Amino acid sequence: MSQRDHWEKIYSTNQPDQVGWYKLHLETSVNWISELSLSKDANIIDVGGGASTLVDDLPEIGYRSITVIDLSKTALT
């Protein structure tokens with residue numbers, strides 16, 4: 001099974017909050033990004049973001065250019 005197929009299977013057979021690594025809010029990541037004192041227009045890429053809520057949390061604190069990439073299309077929908 002390819003890595004892509006593996007992650008498609010994970011996200012097509014589980015709800016995001018049913019996997020062990022899921023957190024409703026990624027406070028640690030948000031704090032680290034905030035501590036960098038980036039411009040609110042900085043380009044931020046969440047690599048392997050899956051069904052993460054980081055893309056939702058960052059605009060709440062003013063960041064405007066967030067991209068999420070993941071092997072699983074299902075995770076991103």
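As a starting point, this report considers the structure included with it. (Residues numbered from 1 in each chain as written. Predicted model: local features only at pLDDT ≥ 70, side-chain atom pairs only at ≥ 80, totals over all residues. Heavy atoms only, no water.)

### A short note on the overall build of the chain
What the chain contains, in helices and strands, is three helices and two strands. Traced from its N-terminal end to its C-terminal end, the chain shows the element sequence α-α-β-α-β. Based on the C-alpha atoms only, the size of the chain along its principal axes is roughly 40 × 20 × 15 Å. Relative to its 77 residues, the chain shows a buried fraction of 27%. A sequence separation of at least 24 residues applies to 52% of the contacts in the chain between residues at least 6 apart. Element-wise, carbon and sulfur atoms account for 52% of the exposed surface of the chain, whose accessible area totals about 5400 Å². (Helix = DSSP H or I, 4+ residues; strand = E, 2+ residues; numbered from the N terminus. Buried < 20%, exposed > 50% of the residue type's maximum accessible area, 1.4 Å probe, protein only. Contact = heavy atoms within 4.5 Å. Areas by Shrake-Rupley, 256 points an atom, 1.4 Å probe, with all protein chains shown as cover.)

### A look at the nonpolar core
Within the largest apolar cluster, seven residues are counted, these being Val 30, Ile 33, Ile 44, Leu 54, Leu 58, Tyr 63 and Ile 66. Of all the secondary-structure elements, those providing two or more residues to this core are helix H2 (27-35) and helix H3 (54-60). Judged by nonpolar contacts, the second largest core, of five residues, contains Ile 10, Val 19, Ala 51 and Ala 75. (Core = buried A, V, L, I, M, F, W, Y, C linked by side-chain atoms within 4.5 Å.)

### A short note on the pattern of salt bridges
Evaluation of the coordinates by the stated rule reveals one salt bridge. Its salt-bridge partner being Asp 41, residue Arg 64 comes within 2.8 Å of it at the nearest N-O pair. In this pair, Arg 64 is assigned in the loop between H3 and strand E2 (65-69) and Asp 41 in the loop between H2 and strand E1 (43-47), connecting sequence segments 23 residues apart. (Salt bridge = Lys/Arg side-chain N within 4 Å of Asp/Glu carboxyl O.)

### Considerations on the pairing of E1
Here E1 shows one buried face, formed by Ile 44 and Asp 46, and one open face, formed by Asn 43, Ile 45 and Val 47. Here five bridges tie E1 to E2, and the two strands are oriented parallel to one another. Bridging from a neighbouring strand, Val 47 pairs with Ile 69 of E2. After leaving E1, the chain enters H3 and then returns to the sheet as E2, a path that is right-handed. (Pairing = 2+ DSSP bridges. Right-handed = clockwise from strand over helix to strand, strands pointing away.)

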